[in-house]
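Summary of the model geometry
Next come the chains, spelled out residue by residue.
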Amino acid sequence: MSTPSEGLAPERMSERQRVPITVLAPERKNAELLRRFASDRDNVLIASDETLASAGLLGLIRVGRAMITAPDVTSRTSGCECCQVRVDLIDAVRHAVLRRSRPQRLVVVIDRATPGGGDVIDDDPASDIVTAVHTLQVDSEIERLAVLDGLVVEVDACAASTRLACGLDLWSGQREAALAIADRVVVNGSELLTESAVTAVMLALQRINRIGQVVCGHSLGAEVDGLIGLDAWHLPPSTCCERDNELAAGGGTLTDASTRHDLHCGHRAPTVGTVVLTRCGVLDPDATDAWLDRVVTESPSRILRFQAALCVSTQEPRVCVHGSRSAMRSQPEAAPEDGSTLAPQGRQESVVVLVGCDLDRQSLAESFGSIEPGR
Amino acid sequence: MTPSLDHVLTTAAIDWRVVLPDAVRVLRWSPRGRLLAVAANGSALVENPDRVTAPMTPDPRDAIWLGERALAIVDPLAGVLTAGFDRDRPLEFRGARRIGTHGGRTIVAGDGRVAVFGHPGIDHIPEVIWTGIGVTHACAHVSGSLWVLGGTGGLALVDVALGCVDTRLELPGVMAVSPRAHVGRIVASDLAGIIHILDLRCLEDGTELAGYCDPVRHLALSPDGCTVVAAADDEITRWAIATGGDVADEPVSVVAHDATITVLEASEHGFLASGDEHGVVHIWSPLLTEYPVATLRLDSEVTALAWNGDGDRLACGAVSGELILADITAGAVA
């Protein structure tokens with residue numbers, strides 16, 4: 001076949017960088033954070049008409065800075081919950097990116113379902129953050145055009161503090177899952193609480209979220225710089241889990257975030273847990289690949305987020321693996337931006353972080369520990 | 001145009017080239033060969049390269065000629081906009097995504113429903129048919145008053161004269177459909193990466209073509225209904241269907257482009273055009289499937305292709321707004 005050669009324009013879509021996507025799960029009836037994202041002219045919002053209307057942002061549609069979407073969920077495998085995707089997001093991202101002037105960033109807003117303006121439905125797949133994140137990772141067209149940058153979840157400090165004080169469940173179902181896998185949890189309204197109440201809310205959130213950062217909304221100021229450019233779905237797992245108690249098992253090191261919950265308090269323990277596995281030395285690539293496949297195929301619906309940096313060669317950089325449910329992507333670990341090189345010990349350490357429901361921690365640690373060493 | 005081995009001498013000559021204000025989203029030919037191009041910002045070019053309208057709608061998704069003098073554009077937010085009917089407001093239809101017309105009826109497919117207009121310039125209140133397949137992503141006329149719709153929840157055959165769904169088939173997210181009524185066949189592709197070859201008389205009786213890693217978004221059925229052409233990644237695959245309906249065990253595959261294929265369009269005369277994300281458009285002959293017989297180049301990702309009714313003109317649109325019109329002359333040995 002003939003090949004294209006001469007006469008090509010200097011800028012081509014494939015040579016341009018993929019558009020970063022920030023997934024935002026705002027607190028219901030609070031448009032402050034959404035407005036901050038909207039105030040940045042580089043951002044294009046993808047949200048429901050209800051959300052844009054309630055935030056007074058419908059006018060952005062006319063100037064091409066917002067796109068309307070409505071949840072449209074289907075399963076790639078009939079009846080399989082873990083294969084659910086939001087087709088509307090694929091469509092919206094495609095139409096938002098394929099413009100003459102591409103957006104610098106897409107902000108996908110995931111609302112909680114409130115049919116007829118009534119109560120929030122917590123188990124609706126249309127408002128499930130994990131389904132949205134899974135969609136953005138699994139679809140080939142989105143992978144070609146855009147890249148998931150980070151997940152930002154907003155929390156109302158007053159409501160959380162009230163629930164905490166009353167002994168009610170802090171978060172349930174999808175909200176808890178979203179908080180557990182978030183890269184940034186933004187606590188808004190904390191200035192209305194006492195210092196001890198804020199501390200209690202922050203601790204409760206840190207107990208659920210072991211993978212990202214919990215930040216106060218008022219500390220962010222008017223900008224959202226701290227919430228974008230995270231590249232959190234490409235980098236190796238953050239080290240925030242290293243503070244946890246460690247439990248050696250099966251040759252690997254296991255950290256169990258949910259064991260930190262105070263069993264004597266009035267709330268139920270979080271159903272979502274974080275398992276951190278670490279291991280020194282080079283792993284056999286084929287055995288590691290088989291282990292990853294096994295982990296995903298055995299319980300894809302239970303894995304909300306997967307993040308790993310695996311050392312499978314003494315010569316090559318570690319392999320960073322990211323995913324949610326059955327979607328998994330990998331790429332070589334990038335060198336640090338400051339030009340420094342990783343310490344030899346860090347280069348040869350494999351770290352796996354699994355966030356999920358009812359994960360069998362002991363079994364995971366044992367199987368990870370039993371991966372054959374590389375030669 | 002009769003396919004022959006002379007197609008190796010096929011030429012593609014650019015007639016004119018113009019740049020629209022935004023990415024080219026939709027290209028449509030009228031029955032007599034007038035071109036409509038709709039850009040992503042809602043502006044439209046109608047026949048004349050010097051005649052581009054102001055933006056008409058914020059998010060155009062599909063468009064259609066209604067005869068030679070009128071056209072309609074659908075937008076999920078704005079509804080159905082018509083031009084040429086002295087109408088100054090769009091017809092309300094939230095979620096409108098696809099539009100088609102045949103035999104004096106115009107259908108607009110949207111979120112779980114189809115609106116059937118006698119004539120969008122006259123009718124204000126359409127007949128609405130609930131499809132039960134969720135959001136419509138693909139729509140094609142089959143024969144008579146029968147249309148096939150592909151949506152999030154599957155496939156539906158809709159009889160717009162009777163105002164009802166004839167048959168519905170549950171499939172995971174149908175992305176593309178292509179019917180050939182004279183052989184009683186429909187092909188559809190879904191999000192699971194499976195192509196379904198279906199019998200019009202009984203949709204449940206079908207053949208599944210698997211082996212694709214990703215969803216097949218670009219699909220065509222040859223005019224004789226005997227070859228299914230699918231594009232995924234940089235490959236074009238052709239599945240032969242025997243007269244009795246048996247499908248070949250393996251497809252004939254060719255790495256057709258150096259980059260991901262973004263558009264595939266079949267002419268009614270057997271030729272095929274494929275465009276990629278590098279702006280390359282290849283023309284393929286039905287008898288010479290391993291190599292393109294002609295190539296065109298645009299300055300950025302190809303977003304739309306359209307053959308005219310005679311199969312001798314090809315319109316190509318790019319994400320930069322570049323639009324070219326090429327005369328395709330089938331090769332012939334003197």
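Residues numbered from 1 in each chain as written. Chains lettered and ligands numbered in written order. Predicted model: local features only at pLDDT ≥ 70, side-chain atom pairs only at ≥ 80, totals over all residues.

**Digging into the overall build of chain B**
The line we're drawing: By definition, any uninterrupted DSSP run of H or I lasting at least four residues is a helix, any uninterrupted run of E lasting at least two residues is a strand, and each is numbered from the N terminus. Residues with at least 20 neighbouring C-beta atoms inside 10 Å of their own are called buried, those with 12 or fewer are called exposed, and the rest are partly exposed, where every C-beta is derived from the backbone.
When helices and strands are tallied, chain B shows zero helices and 29 strands. Seen through its principal axes, chain B has C-alpha atoms that stretch 50 × 50 × 35 Å. Across the 334 residues of chain B, 54% fall into the buried class.

**Some words on the interface of chain B and chain A**
The cut-off we apply is this: Two residues qualify as a contact pair if the distance between their C-beta atoms, derived from the backbone, is within 7 Å. Under the grouping applied here, Gly and all other residues not named as nonpolar or charged are polar, the nonpolar ones being Ala, Val, Leu, Ile, Met, Phe, Trp, Tyr, Cys and Pro and the charged ones Asp, Glu, Lys and Arg.
Facing the 35 residues of chain B at the interface are 28 residues of chain A. Elements that contribute at least two residues to the side of chain B that touches chain A include exactly β11 (127–143) and β26 (294–297) of chain B. In terms of residue class, the side of chain B that touches chain A is made up of 14 nonpolar, 13 polar and eight charged.

**Observations regarding the sheet that holds strand β20 (residues 227–232) of chain B**
Residue and element names in this part refer to chain B. Heads up, the rule is: For two strands to count as paired, DSSP must find a minimum of two bridges between them. Axis geometry follows a simple rule: fit a line to the C-alpha atoms, using only the stretch in contact for helices, then measure angles between N-to-C directions, giving values from 0 to 180 degrees.
Pairing within the open sheet is antiparallel, and its four strands lie in the order β19-β20-β21-β22. Every interior strand has two partners, whereas the edge strands, β19 (218–221) and β22 (252–255), have only one. On average, adjacent strands in this sheet sit at an angle of 15° to one another, irrespective of strand direction. Relative to β22, strand β21 (residues 235–240) runs antiparallel, the two being bridged by four bridges. Residue pairing in the sheet places R238 in a bridge with V252 of β22.

**Here we look at the pairing of strand β5 (residues 62–66) of chain B**
All names here are of chain B. Among the five residues in β5, five count as buried, and that is most of the element. With five bridges joining them, β5 and strand β6 (residues 70–75) adopt antiparallel strand pairing. Bridging across to β6, D62 finds its partner in V74.

**Observations regarding the environment of Q17 of chain A**
Checked against the element boundaries, Q17 of chain A lands in the segment before β1 (19–25). C-alpha separation for the pair Q17 of chain A and F306 of chain A, spaced 289 residues apart in sequence, amounts to 24 Å.

**With respect to the environment of G33 of chain B**
Residues and elements named next belong to chain B. Relative to the helices and strands, G33 resides in the loop between β2 (24–29) and β3 (35–39). The partly exposed category is assigned to G33, around which 13 C-beta atoms lie within 10 Å. The spatial distance from the C-alpha of G33 to the C-alpha of N308 is 6.2 Å, given a sequence separation of 275 residues.

**Focus: the packing of helix α7 (residues 157–166) of chain A against helix α9 (residues 195–208) of chain A**
Residue and element names in this part refer to chain A. Quick reminder of the rule: For classification, angles of less than 35 degrees are called roughly parallel, those exceeding 145 degrees roughly antiparallel, those between 65 and 115 degrees roughly perpendicular, and all remaining angles oblique.
Orientation of α7 relative to α9, taken along the N-to-C sense of each, is 90°, at an axis distance of 9 Å. Classified by the angle their axes make, α7 and α9 are roughly perpendicular. Contacts between α7 and α9 involve A157, A160, S161 and L164 on the former and, on the latter, A197, V198, A200, V201 and A204. When its residues are assigned to classes, the contact of α7 with α9 shows eight nonpolar, one polar and no charged.

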